[in-house]
Structure formats: C-alpha cells, structure tokens
Amino acid sequence: MKRLLALILPVLGLVGLSSIFIVDETQQVVILQLGKPVRTITEPGFNAKLPFPFQERIVFDDRLLEYDSPPEEILSKDKKSLIVDNYVRWKIVDPLQFLKTVQAIPTAKSRMDDIVYSELRRELGTHDMVEIITQNREEIMDVVTKASNEATLSYGISVIDVRIRRVD
C-alpha cells in the first residue's frame, strides 16, 4: 500500500502542477484543447487548464513590439530613387486571430514588411523628394500608419506607428 501511495502521490503532484500556470502582465495566452483553441487569457494572474496531453498553452507577447525593416528603394513622384530605412511599432491585439492567421512572430514580421513596404511605396510615390525629406514627413507617416493598421487588423495585429529612420 505504501509503495502504491509513493508512486501515485508524485504523479498526482505533477498532474496538478502542469494544470496551474501564471499569466504574466506582459503575456497573452491561447489555450488549445487537442489542437483547437478553447479560450484566450489576456488578464494577468493564476489560471488553470487540463493537464498536458489534453490542453496546451501558447504564449504571445502583450507588449509593444518593434520591427526594423531592411532599407528598400522607392521612387518618389518626381522619379527620384530613394533608399528608405523604416521601422514599425506594433502589438498583438487579438491572440486567437494571430494564432489562426500567422501563428508566430517571424511570419507576422514578414507579412507586416510586405504590407508596410507596399503602403510606403504607394504613399511616397505621390510626393516629391523635397516633401518626403523635409516638409510633409509627419503627415505621410500618419497616412502609412493608418493604412498599414487597417491591413494588419485581419491578422490580429495593430500597427501603432510607422517611422522613417533614414532616407538616402
């Protein structure tokens, strides 16, 4: 009887410990049950789930993230070739949608790079080089940020800010 109890207690302890977890204030969690999403936890604190084989948790960052895209060549309205180095500040606003569409941060960065570069190219192509470099940069960045945010919301991502770091 003592041997059986000595075997069962550690197993029950491990099952209990694998069922309880803490969500940090910098995290969002999606609980999957047999590969299907069951619930989303966005509030910090103690939480419970079924043990490992039945439910697993996928953790996403809840902080403001930054993506520095590589410099790209863009043509202005006056047909000047510009090398634009920009960065994007973004956040995961819907972890379940994020998991369903892009699944991981590297994939999200790739999609965001395509979207932001396309919006930058479209918007900078409607302005002369002088406007881009000196006069209207703030308004141009607001338009690009708004358009990029609308395009990325379907991925569970909110683009907070797009900025040009350097133009050559």
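Here, the structure is the one placed above.
Residues numbered from 1 in each chain as written. Predicted model: local features only at pLDDT ≥ 70, side-chain atom pairs only at ≥ 80, totals over all residues. Heavy atoms only, no water.

Attention now goes to the environment of Asp94. Looking at where Asp94 falls in the secondary structure, it is placed in the loop between strand E8 (81-92) and helix H2 (95-101). Residue classification places Asp94 among the partly exposed residues on the basis of a relative accessible area of 35%. C-alpha separation for the pair Asp94 and Thr40, spaced 54 residues apart in sequence, amounts to 9.0 Å. (Helix = DSSP H or I, 4+ residues; strand = E, 2+ residues; numbered from the N terminus. Buried < 20%, exposed > 50% of the residue type's maximum accessible area, 1.4 Å probe, protein only.)

Moving on, we get to the pattern of salt bridges. According to the stated counting rule, one finds 8 salt bridges in the structure shown. Asp68 is the salt-bridge partner of Arg165, the closest N and O atoms lying 2.9 Å from each other. Separated by 97 residues along the polypeptide, Arg165 in strand E9 (residues 157-167) and Asp68 in strand E6 (residues 65-68) bring together distant segments of the chain. The class of Arg165 is partly exposed, set by a relative accessible area of 40%. For Arg163, the salt bridge goes to Asp161, with nearest N and O atoms at 3.2 Å. Take Arg163 and Asp161: they sit in the same class, and that class is buried. Because the salt bridges share partners, they merge into one network encompassing Glu66, Asp68, Arg89 and Arg165. (Salt bridge = Lys/Arg side-chain N within 4 Å of Asp/Glu carboxyl O.)

Regular strands have side chains that alternate between both faces of the sheet. Where burial is concerned, the two faces of strand E1 (residues 20-23) differ: the one with Phe21 and Val23 is buried and the one with Ile20 and Ile22 is not. Inspection of the sheet shows E1 paired to strand E4 (residues 45-48) by 4 bridges, in the antiparallel sense. Among the inter-strand pairings, Val23 is bridged to a residue of E4, identified as Gly45. (Pairing = 2+ DSSP bridges.)

What follows covers the nonpolar core. Grouped together as the largest cluster of nonpolar side chains are 30 residues, with contacts concentrated most on Trp90, Phe98, Leu120 and Leu124. Mapped by element, the contributors of at least two residues to this core are strand E2 (27-33), E6, E8, H2, helix H3 (105-124), helix H5 (137-152) and E9. For this core, the element with the most residues is H3, which contributes 6 residues. Excluding residues within four positions of it along the chain, Leu124 makes contact with Ile74, Leu75, Ser76, Lys77, Val84, Ile132, Ile140 and Ile164. Judged by nonpolar contacts, the second largest core, of 5 residues, contains Phe21, Val23, Val29 and Ile31. (Core = buried A, V, L, I, M, F, W, Y, C linked by side-chain atoms within 4.5 Å. Contact = heavy atoms within 4.5 Å.)

One open sheet holds the 3 strands; their spatial order is E3-E2-E5, and the pairing between them is antiparallel. Since the sheet does not close on itself, it has two edges, and those belong to strand E3 (36-41) and strand E5 (55-61), each with one partner. Across the sheet, the axes of successive neighbouring strands diverge by a mean angle of 25 degrees, strand direction being ignored. The sheet contact formed by E2 and E3 spans 5 bridges and is antiparallel. Residue pairing across strands places Val30 opposite Thr40, the latter belonging to E3. (Axes fitted to C-alpha atoms, helices over the stretch in contact; angles between N-to-C directions.)

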